[in-house]
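Understanding the architecture of this molecule
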Amino acid sequence: MQSTHSAVQFIFEHPKISQIWFKDPYLAQLSVENEFELEKLIAKLEKSKIKYSVFREPDLDNQITAIAIEPSEKTRRLVSHLPLMLKEFRIKKEESYA
C-alpha cells in the first residue's frame, strides 16, 4: 500500500518526529479523491508549516499516491474533513446487505 511507503519515508526524513509518532497509539489512514486533492493538501501543509513526506508511484509516472503527515493538533484539524481510507468500500458492503 502506498500509505505504508509514505510512512516509512516519513520515518527516514523526520526521525525525531517519528520517535514521538511511534509512542502515540493513534494512526489514521485517510482518503482523498485524486492526486490533485493531495497536491492541495500539501499546499495547506506547507502554509501551516506541518512536516510531511510524499510517496510517488514509479509505475504511475511518479504520481503522488500517498503522503504521511506529522501528528499534531494542527494536523488533526487540517484533515478532520477527510474520510477514513477504504470507508467507501465498507459503506458499499453494508448497502449490499440491506
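Here we summarise the structure given alongside this text. Because the structure is a prediction, the values reported are computed rather than measured. (Residues numbered from 1 in each chain as written. Predicted model: local features only at pLDDT ≥ 70, side-chain atom pairs only at ≥ 80, totals over all residues. Heavy atoms only, no water.)

So, about the layout of surface pockets. Here the largest pocket defines a volume of roughly 1100 Å³. In terms of lining residues, the largest pocket is bounded by 38 residues, among which L27, A28, Q29, L30 and I67 are the most central. Only α1 (2-13), α2 (15-23), α3 (35-47), β2 (63-69) and α4 (73-79) provide two or more residues apiece to the lining of the largest pocket. Top contributing element to the lining of the largest pocket by residue count: α1, with seven residues. (1 Å grid on protein atoms, 1.4 Å probe; cavity = no way out; pocket = protein on both sides within 12 Å on 5 of 7 lines; lining within 4 Å. Points joined across faces, edges and corners; volume = space filled by probe spheres on them. Helix = DSSP H or I, 4+ residues; strand = E, 2+ residues; numbered from the N terminus.)

Our next topic: unusual backbone geometry. You will see that K49, though not glycine, has its phi angle at about 60 degrees, which is positive. Here K49 is to be found in the loop between α3 and β1 (52-57). By relative accessible area, which is 70% here, K49 ends up exposed. (Buried < 20%, exposed > 50% of the residue type's maximum accessible area, 1.4 Å probe, protein only.)

What follows concerns α2. If you check which residues of α2 are buried, you get I17, S18 and W21. Considered in projection along α2, the buried side chains sweep an arc of 100 degrees and stay on one side of the axis. Every exposed residue of α2 that faces more than 90 degrees away from the buried side is listed here: K16, Q19, I20, F22 and K23. For α2, the secondary structure elements touched by its buried residues are α1 and β2. (Arc of directions from axis to C-beta. Contact = heavy atoms within 4.5 Å.)

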